[in-house]
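Fold and contact review
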Amino acid sequence: MRQENGNTSSQSAIPNTIGAFRNGATRNGVSKANGNSTDSSGRNGFVKQEGDSAASSFAMLSSPVPTSDYFGHDREEVTRILMQSLWDLGYSRAAMQLEEDSEYTLEAPEVSHFRQAVLKGEWNKAEKLLFSLDIDKDADTNALLFYMRQQKFLELLEVKDITKALSVLRTELTPLNQNEDKLHSLASLMMCVGPEDLRKNAGWDGAEGLSRQQLLSELSKSITPSTMIPEHRLASLLHQVKQAQISKCLYHNTANSPSLYSDHSCPRDQFPLATIEILTDHSDEVWFLQFSHDGTRLASASQDSSVIVWDTQTWEPIHTLREHPSAVTYVQWSPDDLKLLTATAEKKAMIWDSHSGQCILTIDAHKMRVICCAWAPDGQSFVTGSDDKDLIVWNLQGIELYKWSGSRIYDLAITADGKRLVAIDAEKMVHVYNFITRELEYECNLGSDITSVAVSRDSKYMIINMAAAQEVHLYDIETTSLIQRYVGQKQKEFVIRSCFGGADENLVLSGSEDSLVYVWQRENGNLVEKLPGHSGTVNCVAWNPKDPHVFASAGDDRLIRIWSKASQSQSKGKVKDTDGVF
């Protein structure tokens with residue numbers, strides 16, 4: 001599909017589209033054991049034989065002489081973090097024994113008292129104790145007070161003590177000169193009809209929930225870590241170690257957490273680098289691909305005016321949807337995979353029963369080509385974008401629910417949490433709408449022609465193809481920050497669509513005008529592979545959401561290539577490439 005100011009077609013005919021919380025712990029309520037019981041099964045592969053002494057079982061580790069550091073790490077820091085971790089793991093006797101043996105304390109008494117005051121809702125005491133602690137010099141003390149007094153205000157509302165709540169709002173919260181919008185929002189909560197309504201509107205789980213623990217966690221971020229160790233510190237450090245190893249693993253493609261027993265590495269032969277199937281049923285350029293959410297089917301949209309639904313076990317066609325009036329620019333599975341939504345270059349959007357292959361609804365309201373479409377996560381509505389500058393929300397009966405106007409829409413996506421709609425247009429703009437209220441949250445000019453947008457499963461990130469820059473960019477949807485650039489692919493004239501990929505969406509894939517498929521590591525932008533096979537532009541790539549070892553690519557060569565591990569068996573007829581790769 002070609003990027004043009006006017007229409008969309010292929011290179012030859014139709015103008016192509018476009019362009020239990022514990023931060024450390026206290027000993028309250030815990031009695032110290034006289035000693036530990038013997039585990040006859042042993043630990044870490046060591047089994048104590050009858051008659052052996054403990055010293056002989058662990059002779060290599062016996063009686064080390066304490067040094068000022070621990071293999072280059074501060075001994076006190078390591079010991080206190082281990083204490084906190086033992087409490088987190090539920091090994092209270094071991095934690096207390098370590099404290100006794102090391103003569104280090106997990107935290108000072110005033111920290112323990114502050115913790116208990118917050119968790120018990122003793123707010124006046126908590127405020128006094130807070131300022132007896134070592135607060136970070138850059139911390140906003142008024143903001144810390146605001147957090148505590150906000151909790152106090154909400155708890156008073158929860159028990160329907162409106163008079164005291166109002167007093168806290170006026171005499172304690174307002175003088176802190178914090179976010180005025182937040183104050184108005186808190187004031188509006190006084191109109192809630194009961195505790196349940198309050199908790200729902202405040203996004204708060206109440207005094208008996210986790211709110212006090214969450215408050216303590218937030219406050220602890222502004223207390224120096226040597227005074228109050230950040231919560232679950234060892235777990236955080238281990239996570240960082242694992243992420244560092246994953247980032248160095250070029251072919252990482254598993255959702256399983258790496259073992260701590262050994263350094264992590266994924267073998268290249270387990271990565272989908274080989275074409276295992278070539279699907280040849282389309283008679284013209286293939287413009288779009290999407291796997292069903294359950295991974296059992298693949299839908300492909302083509303300039304030949306058809307959509308083909310493929311069985312991902314046999315790679316045989318299940319249905320060929322030929323009743324489109326013109327080239328099909330886009331196809332989307334409904335959240336339950338029971339329907340398919342298609343967009344056409346002849347002003348129409350259509351909904352199909354994915355099992356029978358029958359068209360059940362046609363939208364014929366746009367004045368120009370329908371370029372893109374997307375389902376709402378609840379499956380009860382969908383959105384279409386068109387060259388006629390309309391972005392329209394429809395219900396399942398084809399009734400218009402809402403319309404934004406003003407921009408020629410090139411692509412759109414709705415976040416999985418249903419909160420945001422992201423749209424890109426011909427003027428190099430990204431528009432982010434609140435999909436619930438329909439309000440525009442923000443828009444920004446990226447300074448480059450943009451051709452596609454995809455959002456991550458966690459609804460936090462989006463990748464955008466930058467045609468002029470010939471790059472794919474990763475953005476934080478909330479902050480609009482540019483997180484990463486993926487370079488190498490070629491794109492000037494045609495629409496290229498990228499996707500997240502891999503077992504944990506740790507990869508980014510894109511087609512390219514140089515006939516290659518590009519695969520990058522999402523976190524660091526390292527190029528994993530450039531995969532040959534297509535002839536002509538590779539228009540679209542799609543990763544199977546249920547099988548981390550399978551993805552598909554589609555191109556102007558009318559072919560769909562299925563990629564997997566080289567050892568993956570082929571189920572359909574083999575088609576041999578000129579380079580000898582199947």
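Residues numbered from 1 in each chain as written. Predicted model: local features only at pLDDT ≥ 70, side-chain atom pairs only at ≥ 80, totals over all residues. Heavy atoms only, no water.

Description of a negative patch on the surface
- On the surface, Asp69, Asp74, Glu76 and Glu77 cluster together to form a negatively charged patch.
- Along the polypeptide, Glu77 turns up in helix 2 (residues 75-89).
- Overall, the relative accessible area of 52% leaves Glu77 in the exposed class. (Patch = residues over 30% accessible without salt bridge, like charges linked within 9 Å, V, L, I, M, F, W, Y side chains within 5 Å. Areas by Shrake-Rupley, 256 points an atom, 1.4 Å probe, with all protein chains shown as cover. Salt bridge = Lys/Arg side-chain N within 4 Å of Asp/Glu carboxyl O. Lys, Arg positive; Asp, Glu negative; His and termini not counted. Charge placed at Lys NZ, Arg CZ, Asp CG, Glu CD. Helix = DSSP H or I, 4+ residues; strand = E, 2+ residues; numbered from the N terminus. Buried < 20%, exposed > 50% of the residue type's maximum accessible area, 1.4 Å probe, protein only.)

Here we look at the sheet that holds strand 10 (residues 349-353)
- Taken together, the four strands give an open sheet; going across it, the order is 8-9-10-11, and neighbouring strands pair in antiparallel fashion. Two strands in the sheet have a free side with no partner beyond their single neighbour: strand 8 (328-333) and strand 11 (359-363). Between one strand and the next, the sheet's axes are offset by a mean angle of 20 degrees, whatever the strand orientation.
- Two elements, strand 9 (residues 339-344) and strand 10, share five bridges in a ladder whose sense is antiparallel. Along strand 10, the bridge assignment pairs Ala343 with Ala349. (Pairing = 2+ DSSP bridges. Axes fitted to C-alpha atoms, helices over the stretch in contact; angles between N-to-C directions.)

Some thoughts on the UniProt feature "repeat: WD" (unreviewed entry) in the protein chain
- Annotation from UniProt places "repeat: WD" (unreviewed entry) at residues 279-320, 321-362, 363-397, 504-530 and 531-564.
- With 0% helix and 50% strand, residues 531-564 has its two end C-alpha atoms placed 12 Å apart. (UniProt positions renumbered as here; feature names shortened; annotations may be inferred.)

What to know about the pattern of salt bridges
- Inspection of every chain in the model, using the stated rule, returns 19 salt bridges.
- For Arg149, the salt bridge identified is with Glu127, shortest N-O distance 2.9 Å. With a gap of 22 residues between them, Arg149 in helix 6 (residues 141-158) and Glu127 in helix 5 (residues 123-130) connect regions that are remote in the sequence. Across the pair, Glu127 and Arg149 agree in class, each one buried.
- Glu218 is the salt-bridge partner of Lys221, the closest N and O atoms lying 3.4 Å from each other.
- Judged by relative accessible area, which is 30%, Glu218 ranks as partly exposed.
- Here the salt bridges share partners, and the residues they tie into one network are Glu127, Arg149, Lys152 and Glu172.

Brief notes about the side chain of Lys242
- Position of Lys242 relative to the elements: it lies in helix 11 (residues 233-248).
- There is no salt bridge for the buried Lys242, and the closest opposite charge comes from Asp504, which lies 12 Å off by N-O distance.
- Each residue touching Lys242, except ones within four places of it in the same chain, is listed here: Ser257, Pro258 and Leu260. (Contact = heavy atoms within 4.5 Å.)

A word on the packing of helix 4 (residues 109-120) against helix 10 (residues 211-220)
- Relative orientation of the contacting elements helix 4 and helix 10 amounts to 140 degrees, with a least axis distance of 8 Å. One way to sum up the angle between helix 4 and helix 10 is to call them oblique. For the element pair helix 4 and helix 10, the recorded crossing hand is right-handed. For the pair helix 4 and helix 10, the contacting residues are Phe114, Arg115, Val118, Leu119 and Lys120 in the first and Arg212, Gln213, Leu215, Leu216 and Leu219 in the second.
- In terms of residue class, the contact of helix 4 with helix 10 is built from six nonpolar, one polar and three charged. (Parallel < 35°, antiparallel > 145°, perpendicular 65-115°, else oblique. Left-handed = near helix turned anticlockwise from the far one by under 90°. Nonpolar A, V, L, I, M, F, W, Y, C, P; charged D, E, K, R; others polar.)

Looking at unusual backbone geometry
- Of note in this structure, Glu103 is not a glycine but carries a positive phi near 65 degrees.
- Considering the arrangement of structural elements, one finds Glu103 in the loop between helix 3 (92-102) and helix 4.
- Taking the relative accessible area as the measure of exposure, Glu103 reaches 70% and is therefore exposed.

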